[in-house]
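# An overview of the molecular structure
So the chains spell out like this:
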Amino acid sequence: MVIRRSAAGILIGISFLWIAQKATQGEEKTAIHQCDTRPNIVFIMSDDHACNAISTYGGRLAGTAPTPNIDRIAASGIRLDRCFVTNSICTPSRAVILSGQHSHKNGVKTLVDAFPGPDSGTPNVASILQRSGYQTALIGKWHLRSAPWGFDYWKIGPGQGKYHDPFFIASTDEIPYTTKVRGLGRTKGYYTDLVTDYATEWLDQRDTSKPFFLMLHHKAPHGKWEPAKRHQDYLKDISIPEPDSLWEDFSHRSPATIDKGTSITNRLKDRRSMVGDVQKPNWYGGPVEMAGMNEKEKGQAAYQKYLHQYLACVKAVDENVGRVLDYLDTNGLKENTLVIYTSDQGMFLGEHDYFDKRWIYEECFKMPFVASLPNRIKPGTADQQHLCSNLDFAQTILDYAQITEAPEISQMQGLSLKPILEGTPPNSWRDAVYYRYWMHLAHHQIPGHYGVRDSRYKLVFFHGLPLDAKLGAGVFPPSTAGWEFYDLQQDPNETNNVYEKTEYASEIRRMKQRLLDLKIEYDDRDDQYPELLKLRNQLWDDSSNE
Ligand code: CA
């Protein structure tokens, strides 16, 4: 029976409390079975939303482009300042979040790998929740090349989705799942608004006797950036602050990266440049008039155009987060709902003269993560210490759903963040996170690499090999290999690669061992890539500090 929300839900809650107070311990167990009071879970994820564009993180844009609604979650709960993605790109990150496994384990290393199906044995947090009695729904961006599973209901925008008058396909439609839009009708409206409409409609009709798990995934602020019509003039005439590293001198970089990646300002002539792109119609919302500008002014104009478009897309996301929070408030759901806001990875907003993501560098490696659950997560807190990851999201959600016995959990590689979120961290926590990007030179000229980050240092090995046909062999040539090492305490913006500095020799040796240990721990040993192992062994001790 479908019971309408709010009043009925509150009544059930009050009745249950009374029953629970009166019941003996044995009767209580029966009552819990009959009325499942485990927390609801609303998991809101945007696409390419950098911490630097969320005001609770206090970055350079906090005053210019605040996000008051995402900040509301942090104010009533917690903000994680050290949450990192395992592989900074859309499709793989989504697969990690569902499975609790690194890309090499769940098989989704690239944008074209399909998430394994229900018979694959691959863990899927939604499926486990569904089996345990949760109602599950996925609304918005999916971006995995296989049909969603583990959801009672899904409604998604195929592929990347469109900002304006988008296409959607739903589990209740009579056509099978597709990643193509051919044959689908367009829906009038703006993607970010529509998915919130669909989410609240689903919440309206749900079975209130069960807890729910809602994944609400925005397309925004992924490029190409097309703001809602109401935000076309957002921050008009406001000059967006530039990051310190927009005009970085790259001479500190290893030969592996010095000429790689896409540039906003066009300072490195062999890079693809946003300056060139923004002069073309239909790229970032239309051309920028650059006639009469010198090279630096063109770079500044390209940066301004990019940030204006991006932040206007963020504005609609923030408004719609507010709509969801208001819905939970007005329907009596706030007290028993875990709300999470995150993004599939971070994003460069001009740092290192980059846009896009994929690199291990901080701005796209770091994920936003704020969460609230009244009486469980203390309001207004922030964890600046513990190294967290999207690898942990599935186990965290299952922990809150009180699911400990599912056999798939033993196949997951993360940790539950629940003790971190609730301010009771264990004495022992991970001391480093492992990162790997596989799509060698496939987009934005970014070479294949892997690395390790601990609380102070970051070590990266750019192997520069495509490895196999799926990863670009035969299409993209090898690029120069190299190591980089950053002391994040001394150099938080990573503008001083110290790999060849003798004073860091012992720390580099230690981090190399840590990297090897993590590769063994996560079972990413590269035995299938003998040329990579050979190269790594050749270069292992090549730094001048040895
Ligand atoms: Ca993304």
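Residues numbered from 1 in each chain as written. Predicted model: local features only at pLDDT ≥ 70, side-chain atom pairs only at ≥ 80, totals over all residues. Heavy atoms only, no water.

## Observations regarding empty space enclosed by the protein
Enumeration over the complete set of coordinates arrives at two cavities of 30 Å³ or more. By volume, the largest cavity amounts to about 50 Å³. Together, Phe84, Val85, Thr86, His102, Ser389, Leu391, Arg430, Val433, Tyr434 and Tyr522 line the largest cavity. Here the residues of the lining of the largest cavity are counted per class, giving six nonpolar, three polar and one charged. Size it by volume and the second largest cavity reaches roughly 40 Å³. Forming the walls of the second largest cavity are Met45, Arg94, Ile97, Leu98, Trp142, Leu144, Met215 and His217. Of all the secondary structure elements, the ones that give two or more residues to the lining of the second largest cavity are helix 4 (90-99) and strand 7 (212-217). Looking at which element gives the most residues to the lining of the second largest cavity, the answer is helix 4, with three residues. (1 Å grid on protein atoms, 1.4 Å probe; cavity = no way out; pocket = protein on both sides within 12 Å on 5 of 7 lines; lining within 4 Å. Points joined across faces, edges and corners; volume = space filled by probe spheres on them. Nonpolar A, V, L, I, M, F, W, Y, C, P; charged D, E, K, R; others polar. Helix = DSSP H or I, 4+ residues; strand = E, 2+ residues; numbered from the N terminus.)

## What about the layout of surface pockets?
Rolled over the atoms, a probe as big as a water molecule pinpoints where empty space is left. The computed volume of the largest pocket comes to approximately 840 Å³. Surrounding the largest pocket, 37 residues form its lining, Gln160, Lys219, His222, Gly223 and Lys224 being those nearest its centre.

## Section: the environment of Trp359
With respect to the helices, strands and loops of the structure, Trp359 is situated in the loop between strand 8 (337-343) and helix 10 (362-365). Residue Trp359 is classed as buried on the basis of its relative accessible area, which comes to 1%. Separated by 34 residues in sequence, Trp359 and Phe393 place their C-alpha atoms 21 Å apart. (Buried < 20%, exposed > 50% of the residue type's maximum accessible area, 1.4 Å probe, protein only.)

## Let's talk about the coordination of the calcium ion
Put simply, a metal with four donors set out as a tetrahedron has ideal angles of 109.5 degrees, and one with six donors set out as an octahedron has ideal angles of 90 or 180 degrees. Distances from the calcium ion to its protein donors, Asp47 (OD), Asp48 (OD), Cys90 (SG), Asp344 (OD), Asp344 (OD) and Gln345 (OE1), fall within 2.2 to 2.6 Å. All donors to the calcium ion come from one chain, and their sequence spacing reads D-D-x41-C-x253-D-Q. Here Asp47 is found in the loop between strand 1 (40-46) and helix 3 (68-75), whereas its partner Asp344 is found in the loop between strand 8 and helix 10, with 297 residues between them in sequence. Note on accessibility: Asp47 and Asp344 belong to one class, buried. (Donors = N, O, S within 2.8 Å, 3.2 Å for Na, K, Ca; no water.)

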